[in-house]
Every structure is written in structure tokens, then in C-alpha cells.
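Coordinates in review
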Amino acid sequence: MEMFYLIAIFGLIAVAQAADWGYIDSEENDEGPESWSVNFEACGGKSQSPIDIVSADLEIDDSLSAFSFQSYSSESVELKLTNNGHTVNIGLVSGDQLMISGGGLPESFLFEQFHLHWGESNANGSEHTVNGKSYPAEVHLVHRSSKYRTLGDAVDQPEGLAVLGFFFEISEEENEVLTPLIDALANVTEAESSQLIPAFAIESLIADGLGDYVRYSGSLTTPGCFESVIWTVFDTPLKMSDSQIEAFRSLEDVKSEPMVGNFRPVQNLNERKVKRYSNDQASGASGYSVGLFALPLTMIVATLKM
Ligand SMILES: [Zn+2]
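Residues numbered from 1 in each chain as written. Predicted model: local features only at pLDDT ≥ 70, side-chain atom pairs only at ≥ 80, totals over all residues. Heavy atoms only, no water.

Considerations on the overall build of the protein chain
If you tally the helices and strands in the protein chain, you get nine helices and 15 strands. In the protein chain, which comprises 306 residues, the share counted as buried stands at 49%. Sequence-distant contacts in the protein chain: of pairs separated by 6 or more residues, those separated by 24 or more amount to 73%. Here the protein chain displays about 13,900 Å² of accessible surface, and carbon together with sulfur accounts for 49% of that area. (Helix = DSSP H or I, 4+ residues; strand = E, 2+ residues; numbered from the N terminus. Buried < 20%, exposed > 50% of the residue type's maximum accessible area, 1.4 Å probe, protein only. Contact = heavy atoms within 4.5 Å. Areas by Shrake-Rupley, 256 points an atom, 1.4 Å probe, with all protein chains shown as cover.)

As C-alpha cells, then:
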């Protein structure tokens, strides 16, 4: 969720001047993540995102299940790619309504937009981390609860949003699924620029990452940081090449500086629990997942000996 949206939602243009924010904490300004809570109180809350996902602390939750995706393979959707000065936002303009259900969600949720976070180098860039490890990028698919009529109605409500997060790792080969997006980036280099993109089935973006996931209650990772998000972070990373991630780094932010490092540092878990869904648990299979969130092998061995 981005400032651009919040301005649009609330129509409070003055907020843009009164409360700038960015990703760099420095003595020259108070815009970095450490200072967000000065202007955006919720950013100092106890259920903030992102978090570090610690494999050894995950709890299997039998109430979780696989997601079902409705219309995600549709190409009858019009998407608009926008450089909002903090990220590139790919929003639904018109067409079929994309919906998720299952996945342990309390009701169905409607797709609104997706966007990415990435680093200056491949050493970091993801918002969530796994056992302290960062990935070069992370994509967030933002959905609003079907209980609410608009994103603005849902954005600050408990369980108002469901966000699906997928990590990216770097591959030798280009990920051809991303080509329409990467090509369009060249036309939105400057903040506030946007472009319609041709038919793009969102399922193709995430298909390789669907499967095991973790679940926790958290927040928007940008101001206003509302604690309204049912978070799902998938186990299997998606892929993009070095040249593809460089295209994201070629964008300019709201200050006409390179748009890099647009990720919030991990936040304290506090009293929250992180739950895990594994396909193995659903099928009753006895095999151990070798995914990112699986227990370290030494722990599995120790468990077996008990
Ligand atoms: Zn995000």
C-alpha cells in the first residue's frame, strides 16, 4: 500500500506535504522508517510488518488450507502500471473481478493491485526475511475483504486486507512472464507516470510460487502502517534475471533519485504467532518439505529420535 493510494483514498492532498516519508534514516531528515511513527502513529504499533520468519518457531495450523483463485488466469483485465514515487504499482482498472478464497481466510478477498520491493543490490530487497536471510525482491498482491466496497473502506479495518507475498531469487534465464511488465517500466521512469499494460494473466506471475506458506497478522509495510493485513508469505521464491531486476532499479523515486532499497526493515513479532501451512499436512504425506520454511535437518533428526 502506498502513499499515492492513501492520498487518493482520503483526498487529503495536504498530507503529502505535511508527512513525506522514505526509506533512508538520516540525520538530515526524519523521513526514514525509524521516524514513520512520528507522523503515522500506527507505524509504532505492536503488530507491524514485515517480520523475520523463523523456521523453528512456526506452528502447523490445521485450519489453513490451499487457496482457490478465481479469474486469475483471465486476460480480460485492464491493468495500469504506475510509478508512485515509492514503488511501481500494478492496479486493476477494469475487467473481471479477481478473487481469492480458502487459504484459511475468513471470507473471500478481491484483488486490488500488486507491487514490488527491491534492493540496491541482490544482497537485500525483500521485506520479509527467512531466518535472517533477505531475498533480492518481494512482490505483494493486495486484496480487500469482500465485506468492504472499496480499498479505502477496508484499508484500516481489522482483517480488511489480505496480502500474498512471494520472494524473488535471481535466475540465469529471464522470466518471460515478466516481460510485459519489464518492457512497460521504461515508460514510467519518473514518479507519477503511468501506463496501461496489455492483457496479463496474474496467475502466470505467481503460479510457480503457490504451495506451502506461512500466515500471521500484520500491517501495511508503508505509512500509515494500519494493522489490517492477513499476511501470507509463500515458501517457494519466484525468479527474475539480473537484467530484469536492474530495470526496476532504473526507476526514479519521488525525489528523482534511483528507486532502490524500497523495503521496510523487519519489525518485532511481539505476542504474535506465525502459522505454517504445508501441502504435506493436507495430503497426510509423511515426507518433510524441503522448502525455505522447513525445519533445519538437524532438528528433524532430533525430532525423529524422540
Ligand atoms: Zn508491499
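What to know about unusual backbone geometry
Pro-50 follows Ser-49 through a cis peptide bond whose omega is 0 degrees. With respect to the helices and strands, Pro-50 occurs in the loop between helix 3 (36-39) and strand 1 (52-53). Look at Ser-71: it is not a glycine, yet its phi comes out positive at around 70 degrees. For Ser-71, the location among the structural elements is in the loop between strand 3 (67-70) and strand 4 (77-83).

Structural notes on the coordination of the zinc ion
Six octahedral donors around a metal ideally make angles of 90 or 180 degrees; four tetrahedral donors ideally make 109.5 degrees. Within the protein, the atoms that donate to the zinc ion are His-115 (NE2), His-117 (NE2) and His-140 (ND1), at distances of 2.0 to 2.1 Å. Taken in chain order, the donor set of the zinc ion reads H-x1-H-x22-H. One end of the pair, His-117, is in strand 7 (residues 109-118); the other, His-140, is in strand 9 (residues 137-145), with 23 residues separating them in the sequence. Classification of His-140 as buried rests on a relative accessible area of 1%. (Donors = N, O, S within 2.8 Å, 3.2 Å for Na, K, Ca; no water.)

Brief notes about the side chain of Arg-249
Tracing the backbone through its elements, the reader meets Arg-249 in helix 7 (residues 242-249). Residue class for Arg-249 comes out buried when judged on its relative accessible area of 9%. Of note is the side chain of Arg-249, whose polar atom sits 2.7 Å from the side chain of Asn-122. A polar atom in the side chain of Arg-249 sits 2.8 Å from the side chain of Glu-246. With residues near it in sequence (within four places) discarded, Arg-249 still touches Trp-118, Gly-119, Glu-120, Ser-121, Asn-122, Pro-258, Met-259 and Val-260. (Polar contact = N/O pair within 3.5 Å; in protein donor to acceptor, adjacent residues only side chain to side chain.)

Considering the state of the cysteines
Within the structure shown, the criterion is met by one disulfide. Disulfide pairing places Cys-43 opposite Cys-225 at an S-S distance of 2.1 Å. Residues Cys-43 and Cys-225 are joined by a disulfide whose S-S torsion is about 80 degrees; by sign, that bridge is right-handed. On the criterion of sequence distance, the pair formed by Cys-43 in the loop between helix 3 and strand 1 and Cys-225 in the loop between strand 12 (213-218) and strand 13 (229-234) is long-range, its members being 182 residues apart. The pair Cys-43 / Cys-225 is uniform in exposure class, with both members buried. (Disulfide = S-S within 2.5 Å.)

A word on the nonpolar core
Residues Phe-114 and Leu-141 are the most contacted members of the largest nonpolar core, which totals 45 residues. Leu-141 has contacts with Tyr-72, Phe-111, Gln-113, Phe-114, Ala-162, Val-163, Leu-164, Phe-166, Ile-202 and Ile-206, leaving out every residue within four places of it along the chain. Counting residues in hydrophobic clusters, the runner-up holds 19 residues, among them Leu-58, Ala-154, Val-155 and Val-274. (Core = buried A, V, L, I, M, F, W, Y, C linked by side-chain atoms within 4.5 Å.)

So, the pairing of strand 4
Looking along a regular strand, one sees side chains alternate from face to face of the sheet. Within strand 4, five of the seven residues are buried, which leaves it mostly tucked inside the rest of the structure. Connecting strand 4 to the antiparallel partner strand 5 (residues 88-95) that follows it, the hairpin turn spans four residues, and Gly-85 within it adopts a positive phi of roughly 90 degrees. Relative to strand 11 (residues 194-197), strand 4 is paired through four bridges, and the arrangement is antiparallel. The partner of Leu-79 across the bridge, within strand 11, is Ile-197. (Pairing = 2+ DSSP bridges.)

Here's the deal with the pattern of salt bridges
Per the stated rule, a full pass over the model turns up seven salt bridges. Taking the shortest distance from any N to any O, the salt bridge between Asp-212 and Arg-276 comes out at 3.7 Å. Residue Asp-212 is found in the loop between helix 6 (202-206) and strand 12, and its partner Arg-276 is found in strand 15 (residues 275-277); the two are separated by 64 residues along the sequence. Among the residues examined, Asp-212 registers a relative accessible area of 12% and is labelled buried. The network of salt bridges with shared partners includes Asp-212, Asp-235 and Arg-276. (Salt bridge = Lys/Arg side-chain N within 4 Å of Asp/Glu carboxyl O.)

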